[in-house]
Amino acid sequence: MKYGTLWFNNKSNRDVGVKVKGIINYPLVTPIYETYEVADGTTYRKIIGYNEGSIPVTFNIMDHKHIRKIVSSMNEWLIDIKDNKLIFADDKEFYYIVKSIELDSEFSRTLQDLGECQVNFIVEPFRRKLSELNPIPISNGMIIHNDGAIAAKPIIRIEGEGAITLNVNNETIKVNVSKHITIDSEKKLCYRDDGTYQNTSLSGEYPTLEKGENKITWGTGGTVKKITIMTNRRYF
């Protein structure tokens, strides 16, 4: 029998006293289509999004002498979520973002009686790279390559002062900066480090990084001290 390891919510499965049984069945990315009809009656489909994935994982108790403690620890691990990244030992460069956890209504009793249970991790459609959790500094005119599956929604942090014009490819946004501001394209929010929202400081669409090369430039009526980016590229 093959046993693996995964990390979720700042712990590995072994930290809570269970083993991962068998081979993980990773989900495929499946599109959501919208059908539309043109004037001559021909129908077409276009992709409007992607379905969430489900990763079923079977866990086995490691030490039956402490089964009640393990059940309690596992329940806390899966319910009291402080970090929703899911990482597998055979794919450690990437992580999934867990949206929710599905547990059988007999989860606790099954685990205690049989020493085994199944957990379904409901995840975002695409994987992300762990290395991209750390922002990188960029220079004016820098080219960023998006080798991911789809357009990425970056997080850009600007340190400076005054009115700054940021250009990503052919899209332009204007932002008023007072010491620093973060532009979060994924959440469609602007905020300061203390969490104060600054959405009114931005004019224009939130930037995206298209597949392939993306050129980032800026001009300013004030000063730019530093700009960093988290690309948030997504992968099959």
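Our subject is the structure that appears above.
Residues numbered from 1 in each chain as written. Predicted model: local features only at pLDDT ≥ 70, side-chain atom pairs only at ≥ 80, totals over all residues. Heavy atoms only, no water.

1. Topic: empty space enclosed by the protein
The line we're drawing: Only protein atoms enter the 1 Å grid, on which a cavity is a set of points fitting a 1.4 Å probe that cannot get out and a pocket is an open set with protein on both sides within 12 Å along at least 5 of 7 lines, lining residues being those with an atom within 4 Å of a point. Grid points are joined across faces, edges and corners, and a volume is the space filled by probe spheres set on the points. Gly is placed with the polar residues, together with every amino acid not listed as nonpolar (Ala, Val, Leu, Ile, Met, Phe, Trp, Tyr, Cys and Pro) or charged (Asp, Glu, Lys and Arg).
A full pass over the atoms with the stated rule returns one cavity of 30 Å³ or more. Considered as a void within the structure, the largest cavity measures approximately 40 Å³ in volume. Looking at the largest cavity, the residues that line it are Tyr95, Arg128, Lys129, Glu132, Leu133, Met230, Asn232 and Arg233. Here the residues of the lining of the largest cavity sort into three nonpolar, one polar and four charged.

2. Re the pattern of salt bridges
Defined as follows: For salt bridges, the criterion is a side-chain nitrogen of Lys or Arg within 4 Å of an Asp or Glu carboxyl oxygen. Between buried and exposed lies partly exposed: a residue is buried under 20% and exposed over 50% of the maximum accessible area for its type, with that area taken using a 1.4 Å probe on protein chains only.
For the structure shown, the criterion picks out 14 salt bridges. Across the salt bridge formed by Lys85 and Asp83, the nearest N and O atoms sit 3.0 Å from each other. Between Glu159 and Arg157 there is a salt bridge; the shortest N-O distance is 2.5 Å. Under the relative-accessibility criterion, Arg157 is labelled partly exposed at 21%.

3. Concerning the pairing of strand E9 (residues 94-103)
For clarity, the cut-off: By definition, two strands form a pair when at least two bridges between them are found by DSSP. We count a stretch as a helix when DSSP gives it H or I for four or more residues in a row; a strand needs E for two or more, and each element gets its number in order from the N terminus.
In the sheet, strand E8 (residues 85-88) pairs with E9 via two bridges, with the strands oriented antiparallel. Looking across to E9, one finds that Leu86 is bridged to Tyr96. What sits between the antiparallel neighbours E8 and E9 is a turn of five residues. Pairing between E9 and strand E11 (residues 127-129): two bridges, direction antiparallel. Paired with Phe94 across the bridge in E11 is Lys129. In this sheet, strand E10 (residues 116-123) lies alongside E9 in antiparallel orientation, the contact comprising five bridges. Directly across from Ile101, in E10, lies its bridge partner Phe121.

4. What to know about a nonpolar patch on the surface
For clarity, the cut-off: Patch criteria: residues need more than 30% relative accessible area and no salt bridge. Like-charged residues are merged within 9 Å; nonpolar side chains of Val, Leu, Ile, Met, Phe, Trp and Tyr are merged within 5 Å. Computed by Shrake-Rupley with a 1.4 Å probe, the accessible areas treat only the displayed protein chains as cover when residues are assessed.
Taken together, the side chains of Tyr36, Val38 and Tyr44 make up a nonpolar region of the molecular surface, amounting to roughly 260 Å² of accessible area. Take Val38: it is sitting in the loop between strand E5 (31-37) and strand E6 (43-50).

5. Quick notes on the environment of Thr165
Note the threshold: In what follows, a contact means two residues having at least one pair of non-hydrogen atoms within 4.5 Å.
For Thr165, the position within the fold is in strand E14 (residues 155-168). Since its relative accessible area comes to 26%, Thr165 is described here as partly exposed. Along the primary structure Thr165 and Lys92 are separated by 73 residues, whereas in three dimensions their C-alpha atoms are 38 Å apart. Aside from chain neighbours lying at most four places away, what touches Thr165 is Thr172, Ile173, Lys174, Thr217, Trp218 and Gly219.

6. Overview of the side chain of Thr182
Positionally, Thr182 belongs in strand E15 (residues 171-184). For Thr182, a relative accessible area of 7% translates into the label buried. Every residue in contact with Thr182, bar those within four places of it in the chain, is listed here: Ile155, Ile156, Arg157, Leu189, Cys190, Tyr191 and Asp193.

7. Some words on the nonpolar core
Within soluble globular proteins, side chains that are nonpolar tend to cluster in buried spots. Here is the rule: Grouping buried Ala, Val, Leu, Ile, Met, Phe, Trp, Tyr and Cys residues that are joined through side-chain atoms within 4.5 Å yields what is termed a nonpolar core.
In terms of nonpolar packing, the biggest core is built from 27 residues, with Phe59, Met74, Leu86 and Phe121 touching the most fellow members. Contributions of two or more residues to this core are made by strand E2 (6-8), strand E4 (18-21), strand E7 (53-61), helix H1 (67-79), E8, E9, helix H2 (107-114) and E10. By residue number, the principal contributor to this core is H1, which donates six residues.

8. Quick notes on the layout of surface pockets
The volume enclosed by the largest pocket comes to roughly 250 Å³. Around the largest pocket, the lining comprises 14 residues; the ones closest to its centre are Tyr95, Ile97, Arg128, Leu133 and Glu186. Tallied by class, residues from the lining of the largest pocket come to five nonpolar, two polar and seven charged.

9. Considering the packing of aromatic side chains
We count it as follows: The pairing test for Phe, Tyr and Trp rings, Trp by its six-membered ring, is centres within 6.5 Å, and the orientation test on the planes gives stacked under 30 degrees, edge-to-face over 60, and tilted for anything in between. Charges are assigned to positions over rings by a cutoff of 6 Å between ring centre and Lys NZ or Arg CZ, combined with an angular limit of 35 degrees from the ring normal.
A complete count under the given rule lists ten aromatic pairs for this structure. Geometrically, the ring pair formed by Phe88 and Tyr96 is edge-to-face, given 6.4 Å between the ring centres and 80° between the ring planes. Residue Phe88 is classed as buried on the basis of its relative accessible area, which comes to 3%. Through a chain of ring-to-ring contacts, three or more aromatic side chains come together here, namely Phe8, Phe59, Trp77 and Phe121. A cation over an aromatic ring shows up here: Arg45 above the ring of Tyr33, its NZ or CZ 3.9 Å from the ring centre. Positioned above the aromatic ring of Tyr36 is the side chain of Lys46, whose terminal nitrogen or guanidinium carbon lies 5.9 Å from the ring centre.

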